[in-house]
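# Chain and residue survey
Chain by chain, the residues:
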Amino acid sequence: MRHLPTHTDERNFHCAACGKSFRQLSTLSQHRAIHSAERPYACEHQYTLMRHLPTHTDERNFHCAACGKSFRQLSTLSQHRAIHSAERPYACEHQYTLMRHLPTHTDERNFHCAACGKSFRQLSTLSQHRAIHSAERPYACEV
């Protein structure tokens with residue numbers, strides 16, 4: 001009969017310290033430990049825990065010497081430092097795409113229409129534009 005309450009919403013075991021309720025006495029017993037300073041088990045992950053805890057606060061103890069930006073974790077600062085360096089340790093598999101894309105953020109217009117001289121940032125835009133100079137109308141107007 002001790003097992004049956006685990007299948008219902010019945011919570012007959014109440015914590016005197018905080019009022020939280022549990023289905024099983026064993027779960028309540030485990031819970032009570034959070035209200036006590038006693039820690040009967042040694043944590044083998046103490047270092048990891050101490051590094052992790054600042055992520056739950058607004059404490060930012062790791063500062064970038066180059067720009068002053070602060071971070072909660074040393075690993076995040078280490079990743080950030082790369083933006084201040086010309087070193088790029090990882091090869092970009094999208095290098096060609098990136099090089100084609102970058103001019104869209106400048107006023108550089110390297111693609112020129114031979115018919116009217118208008119310039120474009122991207123070859124695809126020039127190709128679309130060229131259609132206005134021909135009699136070809138690949139799309140029919142339904143209106």
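Residues numbered from 1 in each chain as written. Predicted model: local features only at pLDDT ≥ 70, side-chain atom pairs only at ≥ 80, totals over all residues. Heavy atoms only, no water.

## Topic: the overall build of the protein chain
Along the protein chain, the regular secondary structure elements total five helices and six strands. Burial statistics for the protein chain: of 143 residues in total, 11% are counted as buried. In the protein chain, once contacts between residues fewer than 6 apart in sequence are set aside, the share between residues at least 24 apart is 0%. When the accessible surface of the protein chain is summed, it comes to about 12,500 Å², and 55% of that surface belongs to carbon and sulfur atoms. (Helix = DSSP H or I, 4+ residues; strand = E, 2+ residues; numbered from the N terminus. Buried < 20%, exposed > 50% of the residue type's maximum accessible area, 1.4 Å probe, protein only. Contact = heavy atoms within 4.5 Å. Areas by Shrake-Rupley, 256 points an atom, 1.4 Å probe, with all protein chains shown as cover.)

## Let's talk about the pattern of salt bridges
The final tally for this structure, using the stated rule, is one salt bridge. Close ionic contact of R121 with D107 constitutes a salt bridge, the shortest N to O distance being 3.3 Å. Residue R121 is found in the loop between β6 (119-120) and α5 (123-130), and its partner D107 is found in the loop between α4 (95-101) and β5 (111-112); the two are separated by 14 residues along the sequence. Judged by its relative accessible area of 66%, D107 falls in the exposed class. (Salt bridge = Lys/Arg side-chain N within 4 Å of Asp/Glu carboxyl O.)

## Concerning a nonpolar patch on the surface
A surface patch of nonpolar side chains, amounting to about 260 Å² of accessible area, comprises L49, M50 and L53. Along the chain, M50 falls in helix α2 (residues 46-52). Given the relative accessible area of 48%, M50 is considered partly exposed. (Patch = residues over 30% accessible without salt bridge, like charges linked within 9 Å, V, L, I, M, F, W, Y side chains within 5 Å.)

## Remarks on the side chain of H80
By the secondary structure assignment, H80 is in helix α3 (residues 74-81). Look at H80 and you get buried, because its relative accessible area is 11%. Among residues more than four places away in sequence, those in contact with H80 are C64, C67, K69 and F71.

## Re the UniProt feature "domain: C2H2-type" (unreviewed entry) in the protein chain
The sites that UniProt annotates as "domain: C2H2-type" (unreviewed entry) are residues 13-40, 62-89 and 111-138. Across residues 111-138, helical content stands at 29% and strand content at 14%; the span's end C-alpha atoms are separated by 23 Å. (UniProt positions renumbered as here; feature names shortened; annotations may be inferred.)

## A closer look at the environment of T125
Mapped onto the elements, T125 comes out in helix α5. Owing to a relative accessible area of 30%, T125 belongs among the partly exposed residues under this scheme. Along the backbone, T125 and F111 are 14 residues apart, and their C-alpha atoms lie at a distance of 8.8 Å.

## Re the environment of H14
Turning to its location among the elements, H14 is positioned in strand β1 (residues 13-14). A residue is classified by how much of its surface remains accessible, and H14, at 48% relative accessible area, is partly exposed. Along the backbone, H14 and L28 are 14 residues apart, and their C-alpha atoms lie at a distance of 7.2 Å. Here S21 takes part through its side chain, which lies 2.6 Å from a polar atom of the side chain of H14. (Polar contact = N/O pair within 3.5 Å; in protein donor to acceptor, adjacent residues only side chain to side chain.)

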